[in-house]
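# Survey of secondary and tertiary structure
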Amino acid sequence: MRRTVFNEDHEAFRETLRAFIETEVVPVYDEWFEAGQAPRDFYYKLGELGVFGIRVPEEFGGAGIDSHKFEAVMYEETARAGVSFGGSGVHVLLGLPYIQMLANDEQKKRYLPKFVTGEEMWALAMTEPGTGSDLAGMKTTAKLSEDGTHYVLNGAKTFITGGVHADKVIVCARTSAPTADDRRFGISLFAVDTKSEGYSVGRKLDKLGLKTSDTAELAFVDVKVPVEDLLGEENKGFYYLGQNLPSERWGIAFGAYAQAKAAVQFAKQYVLDRSVFGKSVASFQNTKFELAACQAEVDAAEAVADRALEALDQGELTPAEAASAKLFCTEVAHRVIDRCLQLHGGYGFMNEYPIARLYADNRVNRIYGGTNEVMKMIIAKDMGL
């Protein structure tokens, strides 16, 4: 099918990015996989390539392009190569929207130039041990000092992607107690310097997939956060988090679609090269039917992902539409990648093959950004049910 979502600029970026991946990532990706993270200096290379500054205004060193389409190209190209850019994805997908939406002019001057170059990598710390998706139940606190110059941060966070390499972390914390009729009230957002006294990185978590992404536990013991690093207004953090969920869920949906598309190509190449019983695996009717069915599902997911991308760029992607895209694309990817792995036989279970890593990486798509069960609740509510 002919796609209309990308233009010549996006395709030129695709060629540049593909060459970068082939020279800077593919040859060393196995080392990253074994180490459990990409090296910190790799993020400087991404900064030099310009991928961090695409949506950042020119006055702060970015390209000033108000579009997510270049990010979409990155999803497709990393999936195509069977690699990732480590934990840097949250830097742009999760960190940048909050800076753009909440930071004042003074803060943007401090934050964005180093954001663009990769000198300061950002992460987002919401989830806490024992609370999971129930963000209103968070226990981390930030109390204003008596002299009003800083907040004192205490608590812990977990499942923080990019948490090992992060230089700045947007931390969600309680600044006020919840009210009787609104338990979501009282949460605020802070840009916390990871070099602050009392800030510590705990375990680098050993995950099922996303092995090159540094995911960590964080702890705060009397961390002093200057009032100048409060993002937005005090006690409105939960509202801010809700504002950015559609773009986060679009990213998960598009990434899942890209993984499914890549899986079909990996399987197609494998069955063409592999022979059993004296015949190419691709010659069997079952193989043809399985891949044909997978391709049809990928075509449908592509249409959903592209439609959501266009709506996001136009500022029209609703929470229910984002939830629907995430639900559909991640479920498609789950089915397609599983069937493509099956076509690899025993080799599909070996991590030396990209389909095995893709299978493990893909599993979290139905969990983070809100579980798919939560997506169904959002969709049903929008339907008036």
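A few points on the structure. Just so we're clear, the structure is a prediction, and the values are computed from it rather than from any experiment. Position numbers for residues count from 1 along each chain, tracking the sequence in the order it is written. The predicted nature of this model means local features are confined to residues of pLDDT at least 70 and side-chain atom pairs, given and counted, to a pLDDT of 80 or more, with totals for whole chains, interfaces and linings taken over all residues. Based on all heavy atoms of the structure, the side-chain values leave hydrogens and waters out of the count.

The next subject is the overall build of the chain. Strands here mean DSSP runs of E at least two residues long; helices mean DSSP runs of H or I at least four residues long; both are numbered from the N terminus. Tallying secondary structure elements over the chain gives eleven helices and ten strands in all. For the radius of gyration, the atom set is restricted to C-alpha positions; the globular benchmark scales as 2.2 Å times the number of residues to the power 0.38. Relative to the globule expectation of 21 Å for 385 residues, the C-alpha radius of gyration of the chain, 21 Å, shows essentially globular dimensions. Once the C-alpha set of the chain is aligned to its principal axes, its extents read approximately 80 × 50 × 40 Å. Accessible area is worked out with a 1.4 Å probe on protein chains only. A residue is then buried under 20% of its type maximum, exposed over 50%, and partly exposed in between. Counting every position in the chain, which comprises 385 residues, the buried fraction comes to 52%. Sequence separation of at least 24 residues holds for 75% of the intrachain contacts in the chain that already meet a minimum separation of 6. For the chain, the computed accessible surface area is about 18100 Å², with 53% contributed by carbon and sulfur atoms. With 42 positive and 55 negative side-chain charges, the chain shows a spacing of 5 Å between the two charge centroids. The contact criterion used throughout is that any non-hydrogen atoms of two residues lie within 4.5 Å. Throughout, the Shrake-Rupley method with a 1.4 Å probe supplies accessible areas, and for residues the shown protein chains are the sole cover considered. Only four residue types enter the charge count: Lys and Arg as positive, Asp and Glu as negative, with His and the chain ends excluded. Positions of charges follow a simple convention, taking NZ of Lys, CZ of Arg, CG of Asp or CD of Glu.

Before going further, it helps to spend a moment on the pairing of strand S4 (residues 168-174). Consecutive side chains along a regular strand alternate between the two faces of the sheet. With seven of seven residues buried, S4 is to be regarded as a mostly interior element. Residue alternation in S4 divides its side chains into two sets, Lys-168, Ile-170, Cys-172 and Arg-174 and Val-169, Val-171 and Ala-173, and both sets are buried. In this scheme, strands are said to pair when DSSP sees at least two bridges between them. Pairing geometry for strand S1 (residues 122-125) and S4, over four bridges, is parallel. Bridge pairing in S4 links Ala-123 to Val-169. One ladder, built from seven bridges, connects S4 with strand S5 (residues 187-193); its direction is antiparallel. Counted as the bridge partner of Arg-174 is Ile-187 from S5.

Looking now at the pattern of salt bridges. The salt bridge criterion pairs a side-chain nitrogen of Lys or Arg with a carboxyl oxygen of Asp or Glu, the two atoms within 4 Å. Across all of its chains, the model carries 24 salt bridges by this definition. For Asp-306, the salt bridge goes to Arg-3, with nearest N and O atoms at 2.7 Å. Residue Asp-306 is located in helix H8 (residues 285-313), and its partner Arg-3 is located in the segment before helix H1 (8-24); the two are separated by 303 residues in the primary sequence. Given a relative accessible area of 11%, Asp-306 falls into the buried group. Overall, the relative accessible area of 22% leaves Arg-3 in the partly exposed class. Ionic contacts of the salt-bridge type, sharing partners, join the residues Arg-3, Glu-11, Arg-14, Arg-18, Glu-76, Glu-77, Lys-261, Glu-302 and Asp-306 into one network.

Looking now at the nonpolar core. Here, nonpolar core refers to any group of buried Ala, Val, Leu, Ile, Met, Phe, Trp, Tyr and Cys residues whose side-chain atoms link them within 4.5 Å. By size, the foremost hydrophobic cluster in this structure holds 90 residues, and its most contacted members are Val-25, Phe-42, Phe-85, Phe-115, Leu-189 and Cys-340. For this core, the leading source of residues is helix H7 (residues 237-273), giving 16 residues. Contact partners of Phe-42, with chain neighbours within four places excluded, come to Phe-20, Val-25, Trp-32 and Phe-85. Counting 18 residues, the second largest nonpolar core, distinct from the first, contains Tyr-151, Val-169, Phe-190 and Tyr-199.

This next bit is on the environment of Phe-115. On the secondary structure map, Phe-115 appears in helix H6 (residues 105-117). Sequence-distant contacts of Phe-115, defined by excluding residues within four places in its chain, comprise Phe-52, Val-56, His-91, Val-92, Leu-96, Ile-99, Glu-120 and Trp-122.

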